[in-house]
Structures are given as C-alpha cells and as structure tokens.
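Listed here are the chains, written in short residue letters.
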Amino acid sequence: MPAITVLPHPEICPQGATIHAPSGTTICEALLDHDIDIEHACEMSCACTTCHVIVRQGYASLGQPSEEEEDLLDKAWGLSPTSRLSCQARLGREDVTIEIPRYSINHARERH
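On a predicted model such as this, the values are computed, not experimentally measured, just so you know.

1. Description of the overall build of the chain
- A tally of regular secondary structure across the chain gives 2 helices and 5 strands.
- Secondary structure of the chain in N-to-C order comes out as β-β-α-β-α-β-β.
- By the compact-globule yardstick of 13 Å for 112 residues, the chain fits well, its C-alpha radius of gyration being 13 Å.
- Here the chain holds 112 residues, and 46% of them are scored as buried.
- A sequence separation of at least 24 residues applies to 66% of the contacts in the chain between residues at least 6 apart.
- In the form shown here, the chain has an accessible surface area of approximately 6300 Å², with 47% of it arising from carbon and sulfur atoms.
- Averaged over its 8 positive side-chain charges, the chain has a centre that lies 3 Å from the centre of its 17 negative ones.

2. Section: a negative patch on the surface
- Taken together, the side chains of Glu67, Glu68, Glu70, Asp71 and Asp74 define an acidic patch exposed on the protein surface.
- Tracing the backbone through its elements, the reader meets Asp74 in the loop between helix H2 (67-73) and strand E4 (83-85).

3. Things to note about the nonpolar core
- Residues Ile4, Val6, Ile27, Leu31 and Ile98 are the most contacted members of the largest nonpolar core, which totals 26 residues.
- At the level of elements, strand E1 (3-6), helix H1 (27-33), strand E3 (52-57), H2 and strand E5 (96-99) are the ones that each hand at least two residues to this core.
- In terms of residue count, the dominant contributor to this core is H1 (4 residues).
- Setting aside anything within four residues of it in sequence, one finds Ile98 in contact with Ile4, Thr5, Val6, Leu7, Ile27, Leu31, Val53, Ile54, Val55 and Arg56.

4. Some points on the confidence of the model for the chain
- Looking at the chain as a whole, its pLDDT mean stands at 92, while 93% of the residues score no less than 70.
- Low pLDDT, under 50, characterises residues 107-112; the predicted model gives this stretch 2 contacts beyond four residues in sequence or across chains.

5. A few points about the environment of Cys42
- Its place among the elements puts Cys42 in the loop between H1 and E3.
- For Cys42, a relative accessible area of 18% translates into the label buried.
- Cys42 sits 59 residues away from Pro101 along the chain, and the two C-alpha atoms are 18 Å apart.

What counts, and where the lines are drawn
- Residues numbered from 1 in each chain as written.
- Predicted model: local features only at pLDDT ≥ 70, side-chain atom pairs only at ≥ 80, totals over all residues.
- Heavy atoms only, no water.
- Helix = DSSP H or I, 4+ residues; strand = E, 2+ residues; numbered from the N terminus.
- Rg over C-alpha atoms; globule rule 2.2 N^0.38 Å.
- Buried < 20%, exposed > 50% of the residue type's maximum accessible area, 1.4 Å probe, protein only.
- Contact = heavy atoms within 4.5 Å.
- Areas by Shrake-Rupley, 256 points an atom, 1.4 Å probe, with all protein chains shown as cover.
- Lys, Arg positive; Asp, Glu negative; His and termini not counted.
- Charge placed at Lys NZ, Arg CZ, Asp CG, Glu CD.
- Patch = residues over 30% accessible without salt bridge, like charges linked within 9 Å, V, L, I, M, F, W, Y side chains within 5 Å.
- Salt bridge = Lys/Arg side-chain N within 4 Å of Asp/Glu carboxyl O.
- Core = buried A, V, L, I, M, F, W, Y, C linked by side-chain atoms within 4.5 Å.
- pLDDT = per-residue confidence, 0-100.

Okay, here's the thing in structure tokens:
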C-alpha cells in the first residue's frame, strides 16, 4: 500500500503526516479518511480547485491529469508544474509526498 507524506500545513496538518491508502484511492479520499481535513468544496466532482496539492515526489505514479483537471488547475492559487487536484489524482504503486498550498480559492469558505 503506497504512503502519502503530507508536508506540514499551519492549519490543516501542522505536524505533517504519513498515511497509507490502497492504490486507486484519490489523494483527497485518503486524506479525509485519515482525518486530514483538506478543502473539497465541490465534493470531489472536479468542479473547483480547493483540493489543490503540489506533488513534491511521486508525481509520475499518479497518471496523467485530464484536460478538465488541467483547465481548472490554471485557476489554482500557487500553481506548480506538479500541481494536481487531489480529488482527481489516484494513487499508483509508488509513495508520494504532497504539499497543501497555504491558500485556496474558495468563495464558499470565506470567513467574515
């Protein structure tokens, strides 16, 4: 079972974490299953960018992003050449290391 190493994020995962999930599981599902509360405003339907992650290691093992995912990623805050929507990135057989960007574009979660 591949491991996902989550780099520290000040709000979502302050200490960082290493979790395991079966191949074929999306990164978003795996994080949520392990109580790492990544944003996912569209309920994992590939309609927003709130679950954006930057894959620091293991990017090639996730398979290619769809054209729809790539179009959405163009709108993500802090876009990187190894950015993925965690709701679309399915684990392969290799371990991955991800960074959750400090900010997301999420109008539904604005704090007033």
